[in-house]
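The lines below spell out each chain.
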Amino acid sequence: MTREEYVHNGPFRCEAGGTISNLKIVYHISCPEGLPACSSLDHDSENRTNGKVIWICHALTANSDPEEWWPEMVGPGRPIDTERYTVVCANMLCSAYGSSGPADGAFLDFPKVTVRDIVRTEILLCRHLGIGRIDLLIGSSIGGFQALEWAVMEPEVIGRAAIMACGPRVTPWLTASNEAQRMAIEADPTFRECRSLSDGEAGLRAARAIALISYRSYRGYNTTQNEEDPDTLFATRAASYERYQGRKLSDRFDAYSYWYLTHSVDSHNVGRGRGGVEAALRGIRTRCIIVGIDSDALFPTEEQRYMADHIPGAEYHEITSAFGHDGFLLEYGQISEILRPELEALGQF
């Protein structure tokens, strides 16, 4: 997959107010051999009628290169074969990986963006690429929010959707977790200084440590972070792991992008302005595969079952995992089996 940039001509007005000038979206795309250039992908064009497009919506701190963060699933010869399908993944607004956001230098002056804003930028990119139909849309976590929204906003464009490890509306439980993370960032006195992207770094590390507990599970931590010495006086292994994960994120991300993205998560409500959640879900006409994870504490399976019960014709699948919410990244064998019929239905070029 190659990295590309799209710059939108004209102002982009955000749902919550504020405008983004020179909107930039970074994306990765694969162009299988024998298909036309990626700038001309319309299914209605004479040389594109046999092509299949898979669009991946990434999770909170991932980037637009799914071969990097989902290597077992995406790439040559993988289930989502970049030599067989045109695969697209766009970097979210407010991310630290190149798309427009506070990391551009606006810091806290950047407008807050919603999940619908993020999807609207993806629609702009989709049209720029000339893609008239997305054969399979895949999203997990906040990427699942995007996939769900897109299925509502453009039912004629989305053929099939695999929506994993998410819900139809942000819950108080999730918002509480996000606010605890924001409090940790804001407690870092450098965060409000807005001088460089290293400001708020200590707060970001603490925020990540808080988040990680909700991403994993009781069983997962107790399996992987047990003390090696049964007679240890003070438990340290899990503590060391939390600090390691905090540093790992702060080495590649910034506090401002993270703070803004948690607000985007809190905007999610597929029923807003549509007569409520159930009405919005009942109006979806895309074939939807809904996937839950049995140990997911952030999005318990009752949320995915609820979506499957209210989306006409939706099919529910459940992943067994010791690793909680992060199972959507780690249980690639089970995910491959769930997606196999959807990929086979796309056929060959």
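Bear in mind that the values here come from a model prediction, so they are computed numbers and not experimental data. (Residues numbered from 1 in each chain as written. Predicted model: local features only at pLDDT ≥ 70, side-chain atom pairs only at ≥ 80, totals over all residues. Heavy atoms only, no water.)

Draft legend 1. Spatial organisation of helix α2 (residues 115-128). Over its 14 residues, α2 runs 20 Å from end to end, which matches the ideal 20 Å to within 8%, given 1.5 Å per residue. Just downstream of α2, glycine 130 is the residue with a positive phi angle, here 75°. (Helix = DSSP H or I, 4+ residues; strand = E, 2+ residues; numbered from the N terminus. Expected span 1.5 Å × (residues − 1).)

Draft legend 2. Looking closely at the pattern of salt bridges. Summed over all chains, the structure comprises 20 salt bridges. Note that glutamate 149 is salt-bridged to arginine 116, the shortest N-O span being 3.0 Å. In this pair, glutamate 149 is assigned in helix α3 (residues 142-153) and arginine 116 in helix α2, connecting sequence segments 33 residues apart. On the accessibility criterion, glutamate 149 (1% relative accessible area) is buried. Between arginine 282 and glutamate 278 there is a salt bridge, with the nearest N and O atoms lying 3.7 Å from each other. Residue arginine 282 and its partner glutamate 278 are located together in helix α9 (residues 277-282), separated by four residues, close to a single helical turn. On the basis of relative accessible area, arginine 282 is assigned to the partly exposed category, the value being 44%. (Salt bridge = Lys/Arg side-chain N within 4 Å of Asp/Glu carboxyl O. Buried < 20%, exposed > 50% of the residue type's maximum accessible area, 1.4 Å probe, protein only.)

Draft legend 3. Layout of the state of the cysteines. Taken as a whole and assessed by the stated rule, the structure comprises zero disulfides. Free cysteine cysteine 57: the closest other cysteine sulfur is in cysteine 89, separated by 7.3 Å. Judged by its relative accessible area of 2%, cysteine 57 falls in the buried class. There is no disulfide at cysteine 194, and the cysteine sulfur nearest it, in cysteine 94, is 14 Å away. (Disulfide = S-S within 2.5 Å.)

Draft legend 4. Representation of the packing of aromatic side chains in the model. Scanning the entire structure with this criterion turns up eleven aromatic pairs. Residues phenylalanine 145 and phenylalanine 299 carry aromatic rings whose centres are separated by 5.7 Å and whose planes lie at 85° to one another, so their mutual orientation is edge-to-face. Taken as a pair, phenylalanine 145 in helix α3 and phenylalanine 299 in the loop between β9 (287-293) and α10 (301-310) lie far apart in primary sequence, 154 residues in all. For phenylalanine 145, a relative accessible area of 1% gives the class buried. Counting every residue linked through ring pairs, the aromatic cluster contains Phe107, Phe110, Phe191, Tyr256, Trp259 and Tyr260. (Phe/Tyr/Trp six-rings, centres within 6.5 Å; stacked < 30°, edge-to-face > 60°.)

Draft legend 5. Spotlight on the sheet that holds strand β7 (residues 134-140). The strand order across the open sheet built from eight strands is β1-β4-β6-β5-β7-β8-β9-β10, with neighbouring strands paired in mixed fashion. Every other strand in the sheet has two partners, leaving β1 (2-7) and β10 (315-319) as the edge strands with one partner each. Within this sheet the neighbouring strands show an average axis-to-axis angle of 20°, counted without direction. One ladder, built from six bridges, connects β7 with strand β8 (residues 158-164); its direction is parallel. When the bridges of β8 are listed, leucine 137 appears paired with alanine 161. The strands touched by α2 within the sheet are β1, β4 (24-29), β5 (53-57), β6 (86-90) and β7, with β5 carrying the most contacts at an inclination of about 155°. (Pairing = 2+ DSSP bridges. Axes fitted to C-alpha atoms, helices over the stretch in contact; angles between N-to-C directions. Contact = heavy atoms within 4.5 Å.)

Draft legend 6. Quick look at empty space enclosed by the protein. Within the structure shown, the criterion is met by two cavities of 30 Å³ or more. As a volume, the largest cavity reaches approximately 50 Å³. Around the largest cavity, the lining residues are Ile56, Cys57, His58, Ala59, Trp69, Trp70, Ile138, Gly139, Ser140 and Phe328. At the level of elements, β5 and β7 are the ones that each hand at least two residues to the lining of the largest cavity. Looking at the lining of the largest cavity, its residues break down into seven nonpolar, three polar and no charged. Of the pockets and cavities examined, the second largest cavity occupies roughly 40 Å³. As for the second largest cavity, its lining consists of Arg216, Gly220, Tyr221, Thr224, Tyr241 and Phe323. Top element by residues in the lining of the second largest cavity is helix α6 (residues 218-224). It accounts for three residues. Considered class by class, the residues forming the lining of the second largest cavity number three nonpolar, two polar and one charged. (1 Å grid on protein atoms, 1.4 Å probe; cavity = no way out; pocket = protein on both sides within 12 Å on 5 of 7 lines; lining within 4 Å. Points joined across faces, edges and corners; volume = space filled by probe spheres on them. Nonpolar A, V, L, I, M, F, W, Y, C, P; charged D, E, K, R; others polar.)

Interpretation in functional terms is not warranted from these geometric data alone.
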